[in-house]
Amino acid sequence: GVTLTLDTLPGLPRIVGDRVRLQQALEMLLRHLVRHATPGTALTIATQVENGAVRIAVQHALPPTLDADVALARRIIQAHGGSIDVTDDATVVQLPPIARR
């Protein structure tokens, strides 16, 4: 009962990390947000580049209840140099790009 909208940009910068673990972290986080969304509401997932980092923002109606999946996702993303910020109406993941040499 939740509407999901994707707004992704082509050509996002590459990031470095364990692809399987990062994918697992993002899946856990997104699954959690959808599972705890109020039926009939909409979630919007938007990607963009901000200060060279990949930014994935999920707009939601209410602050999600954080559980063990979110804590694990946060630790995985932080281990890759990224972050998760949760506000009343959005959850934002930042992932750093590959460092240029």
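The notes below deal with the structure included here. Positions within a chain are numbered from 1, following the residues in the order the chain's sequence is written. Residue-level local features of this predicted model are given only where pLDDT is at least 70; pairs of side-chain atoms are given and counted only at 80 or more, and the full residue set underlies all totals for whole chains, interfaces and linings. To obtain the side-chain values, all non-hydrogen atoms of the structure were used and water was disregarded.

As for the pattern of salt bridges
Part 1: The salt bridge definition used is simple: a Lys or Arg side-chain nitrogen within 4 Å of an Asp or Glu carboxyl oxygen. Inspection of every chain in the model, using the stated rule, returns four salt bridges.
Part 2: For Arg55, the salt bridge goes to Glu50, with nearest N and O atoms at 3.5 Å.
Part 3: With a 1.4 Å probe rolled over the protein chains alone, any residue whose accessible area is under 20% of its type maximum counts as buried; one over 50% counts as exposed, and the rest are partly exposed. Here Glu50 falls in the partly exposed class, since its relative accessible area comes to 30%.
Part 4: One network of salt bridges, in which partners are shared, links Arg35, Asp67 and Asp69.

What to know about a nonpolar patch on the surface
Part 1: Residues enter a patch when their relative accessible area is above 30% and they make no salt bridge; the linking distance is 9 Å between like charges and 5 Å between nonpolar side chains (Val, Leu, Ile, Met, Phe, Trp, Tyr). What sets the accessible areas is the Shrake-Rupley method with a 1.4 Å probe; for residues, cover comes only from the shown protein chains. On the surface, Leu4, Leu6 and Val34 cluster together into a nonpolar patch covering about 280 Å² of accessible area.
Part 2: Mapped onto the fold, Val34 is located in helix 1 (residues 19–35). Only DSSP runs of H or I reaching four residues or more are called helices, and only runs of E reaching two or more are called strands; each is numbered from the N terminus.

With respect to helix 1
Part 1: Helix span, expected: 1.5 Å multiplied by one less than the number of residues in the helix. Compared with an ideal rise of 1.5 Å per residue, which puts 17 residues at 24 Å, helix 1 spans 24 Å between its outermost C-alpha atoms and is within 8% of the ideal.
Part 2: Three or more residues of helix 1 are buried, namely Leu22, Ala25, Met28, Leu29, His32 and Leu33. On an axial view of helix 1, the arc spanned by its buried residues comes to 125°, and they lie on one face. When the buried face of helix 1 is taken as reference, the exposed residues oriented beyond 90 degrees from it are Arg19 and Val20.
Part 3: Looking at the buried side of helix 1, the elements it contacts are strand 2 (42–50), strand 3 (53–59), helix 2 (68–79), strand 4 (83–86) and strand 5 (90–95).
Part 4: Between the side-chain oxygen at the start of helix 1 and the backbone nitrogen of Val20 there is a gap of 3.1 Å, and the oxygen is on Asp18. Comment: arc refers to directions from the helix axis out to C-beta atoms. Contacts between residues were defined by any pair of non-hydrogen atoms, one from each residue, lying within 4.5 Å. In protein, a polar contact means a hydrogen-donor-capable atom and an acceptor-capable atom, both N or O and within 3.5 Å, with residues adjacent in sequence counting only if both atoms are side-chain atoms; elsewhere, any N or O pair within 3.5 Å suffices.

What to know about the sheet that holds strand 3
Part 1: Taking strand neighbours across the sheet as the criterion, the five strands line up as 1-2-3-5-4 in an open arrangement whose pairing is mixed. Both outer strands of the open sheet, strand 1 (3–7) and strand 4, are each paired with one neighbouring strand and no more. Sheet twist, expressed as the mean angle between neighbouring strand axes with direction ignored, is 15°.
Part 2: The pairing of strand 2 with strand 3 spans seven bridges and is antiparallel. Pairing between two strands is assigned when DSSP locates at least 2 bridges connecting them. Comment: axis = line fitted to C-alpha atoms, over the contacting stretch for helices; angle = value between 0 and 180 degrees taken between N-to-C directions.

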